[in-house]
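# Observations on the model geometry
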Amino acid sequence: MKAKYRTRRRENRFGIILAAIVVLLLTFVVSVRSIDLLRQVRENETRIEQLQSEMAKEEQRSTEIDEFVKETQTRKYIEDVARQKLGLVYPGEIIFEKESN
């Protein structure tokens, strides 16, 4: 009877030790994986901040482009371009130019 008791006790110890090793191993694997996931989260947060910054810049640029489009469609802008780049004038308008010496 004592021999069976000792054998069972050894088996129980071995089972407990084996279970403890498995639990420790799983804890280690989960810890390593969680550290990697935390690193990825930080990288993703940094990337999100960069993309939000780029998005704000592009929205500002889009606003500037819209304002430029509105400005170029005005009569005053068209007249200024026609005068400066094409040298056009209204009929009867006299243009004085500086004489170069």
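Our structure is the block above this text.
Residues numbered from 1 in each chain as written. Predicted model: local features only at pLDDT ≥ 70, side-chain atom pairs only at ≥ 80, totals over all residues. Heavy atoms only, no water.

### Details of helix α2 (residues 75–86)
Side chains that are three or four residues apart share a direction in an α-helix, a result of its 3.6 residues per turn. The end-to-end C-alpha separation of α2 is 15 Å, in line with the 16 Å expected for 12 residues at 1.5 Å each. Of the residues one or two after α2, Gly87 is the one with positive phi, at around 70°. (Helix = DSSP H or I, 4+ residues; strand = E, 2+ residues; numbered from the N terminus. Expected span 1.5 Å × (residues − 1).)

### With respect to the environment of Thr72
Among the structural elements, Thr72 can be located in helix α1 (residues 2–72). Excluding anything up to four places from it in sequence, Thr72 contacts Tyr77 and Ile78. Within the structure, the side chain of Thr72 is placed 2.9 Å from the backbone oxygen of Val69, a separation counted as a polar contact. (Contact = heavy atoms within 4.5 Å. Polar contact = N/O pair within 3.5 Å; in protein donor to acceptor, adjacent residues only side chain to side chain.)

### Some words on a nonpolar patch on the surface
A grouping of Phe14, Leu18, Val22 and Leu26 is seen on the molecular surface, where their side chains present a nonpolar patch of about 410 Å² in accessible area. Residue position: Val22 is located in helix α1. Val22 gets classed as partly exposed once you look at its relative accessible area, which sits at 42%. (Patch = residues over 30% accessible without salt bridge, like charges linked within 9 Å, V, L, I, M, F, W, Y side chains within 5 Å. Areas by Shrake-Rupley, 256 points an atom, 1.4 Å probe, with all protein chains shown as cover. Salt bridge = Lys/Arg side-chain N within 4 Å of Asp/Glu carboxyl O. Buried < 20%, exposed > 50% of the residue type's maximum accessible area, 1.4 Å probe, protein only.)

### So, the pattern of salt bridges
Taken as a whole, this structure holds seven salt bridges when the rule is applied. In this structure, Glu58 and Arg61 form a salt bridge, with 3.7 Å as the shortest nitrogen-oxygen distance. Of this pair, Glu58 and Arg61 are both found in helix α1, three residues apart, which corresponds to roughly one turn of the helix. When its relative accessible area of 49% is taken as the criterion, Arg61 is described as partly exposed. Between Arg75 and Glu79 there is a salt bridge, with the nearest N and O atoms lying 3.2 Å from each other. Here the residue Arg75 and the residue Glu79 both occupy positions in helix α2, the gap between them amounting to four residues, near one helical turn. Judged by its relative accessible area of 61%, Arg75 falls in the exposed class. Each of Arg33, Asp36, Arg39 and Glu43 takes part in salt bridges that share partners, so that together they form one network.

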